[in-house]
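Examination of the molecular architecture
Residue strings, one per chain:
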Amino acid sequence: MNYTRLTIALGLAALTAACGKRAETPVAAETNQAAPAATMSVDMGNMAMAPAATAAIKAKGHGTVTAIDKAAGTITLDHGPIPEAKWPAMTMAFKAAPAITDAVKVGDKVDFDLTLTGNAGEVTAIHKQP
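The model shown is predicted, which means the values in this text are computed figures rather than measured ones. (Residues numbered from 1 in each chain as written. Predicted model: local features only at pLDDT ≥ 70, side-chain atom pairs only at ≥ 80, totals over all residues. Heavy atoms only, no water.)

What to know about the environment of glutamate 122
Here is the rule: Secondary structure elements follow DSSP: runs of H or I of four or more residues count as helices, runs of E of two or more count as strands, with numbering from the N terminus.
Mapped onto the elements of the fold, glutamate 122 is located in strand β5 (residues 120-128). For glutamate 122 and lysine 95, which are 27 residues apart along the polypeptide, the C-alpha to C-alpha distance reads 4.5 Å.

Focus on the nonpolar core
Note the threshold: Take the buried residues of types Ala, Val, Leu, Ile, Met, Phe, Trp, Tyr and Cys, join any two whose side-chain atoms come within 4.5 Å, and each joined set is a nonpolar core. Think of it in three bands: residues with accessible area under 20% of the maximum for their type are buried, residues over 50% are exposed, and the middle band is partly exposed, with areas taken using a 1.4 Å probe on protein chains only. Throughout, a contact is declared for two residues whenever any of their heavy atoms are within 4.5 Å.
Of all hydrophobic cores here, the largest spans 18 residues; its most connected members are Ile75, Leu77, Phe94, Phe112, Leu114, Val123 and Ile126. When contributions to this core are tallied by element, the ones reaching two or more residues are β1 (57-69), β2 (74-79), β3 (90-96), β4 (109-117) and β5. In terms of residue count, β4 provides more of this core than any other element does, four residues in total. In this view, leucine 114 contacts Ile57, Lys58, Ala59, Ile82, Phe94, Glu122, Val123 and Thr124; residues no more than four positions away in its chain are not counted.

Considering the pairing of β3
Applicable threshold: Pairing between strands is defined by DSSP: at least two bridges between the two strands are required.
Bridge count for β2 against β3 is six bridges, and the pairing is antiparallel. By the bridge assignment, threonine 76 is partnered in β3 with alanine 93. Pairing analysis gives two bridges linking β3 to β5, with the strands arranged parallel. Paired with alanine 96 across the two strands is valine 123, which belongs to β5.

Structural notes on the packing of aromatic side chains
Note the cut-off: A pair of Phe, Tyr and Trp rings is counted when the ring centres sit within 6.5 Å of each other, with Trp represented by its six-membered ring. The angle between the planes then sorts it: under 30 degrees is stacked, over 60 is edge-to-face, the rest tilted.
Counted according to the given criterion, the structure contains two aromatic pairs. Here phenylalanine 94 and phenylalanine 112 contribute two aromatic rings whose centre-to-centre distance is 6.3 Å and whose plane-to-plane angle is 45°, an arrangement assigned as tilted. Of this pair, phenylalanine 94 sits in strand β3 while phenylalanine 112 sits in strand β4; the two residues are 18 residues apart in sequence, bridging distant segments of the chain. For phenylalanine 94, a relative accessible area of 1% translates into the label buried. With relative accessibility at 2%, the residue phenylalanine 112 sits in the buried group. What links up through ring pairs into an aromatic cluster is the set Trp87, Phe94 and Phe112.

Focus: the confidence of the model for the protein
Condition: What pLDDT conveys is the predictor's confidence in a given residue, as a value from 0 to 100.
Confidence in the prediction of the protein, expressed as mean pLDDT, is 77, and 58% of residues score 70 or more. Taken as a whole, residues 21-25 scores under 50 in pLDDT and shows five contacts with residues more than four places along the chain or in a different chain. Overall, residues 27-31 carries pLDDT values under 50, and its contacts beyond four positions in sequence, including any with other chains, amount to eight contacts.

Concerning the sheet that holds β2
Spelled out, the test is: For every element, the axis is a line fit to its C-alpha atoms; helices are fit only across the contacting stretch, and the angle between N-to-C directions ranges from 0 to 180 degrees.
Around the barrel, five strands lie side by side as β1-β2-β3-β5-β4; this closed barrel has mixed pairing. Strand-to-strand twist across the sheet, computed as the mean angle between neighbouring axes with direction ignored, equals 55°. By the bridge criterion, eight bridges tie β1 to β4 in an arrangement that is antiparallel. Looking at the pairing, lysine 58 lines up with threonine 115 of β4.

Here we look at unusual backbone geometry
A positive phi angle, near 60°, is found at lysine 86, a position not held by glycine. Topologically, lysine 86 is positioned in the loop between β2 and β3. Under the relative-accessibility criterion, lysine 86 is labelled exposed at 75%.

Okay, structure coming up:
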């Protein structure tokens, strides 16, 4: 039963630390029983839930091709804001399949589709702007 108390105490400490609150030791009866479930609730009303780092986001962008590295399989784009990723305008390199890197050249203005995972992205489609 001591393992149960330790597990509950560590879990509550981790939850309260994540909320920025001071951790308190749960109060349990002296009969080697775990603390009641009601004492383990945490108010998470003001915490924003971020998407999992592995959750892929589909996004669209507009920009200019500034570099192509076929050996590395990357394309560098000077793009405008990408609202789906909450990114401002910037220049960055993305993974890209050979069909993507072969379809454009440096200086082309393009519309593109991205799949974003964490801070990394891959261009999945690209179209030259007229």
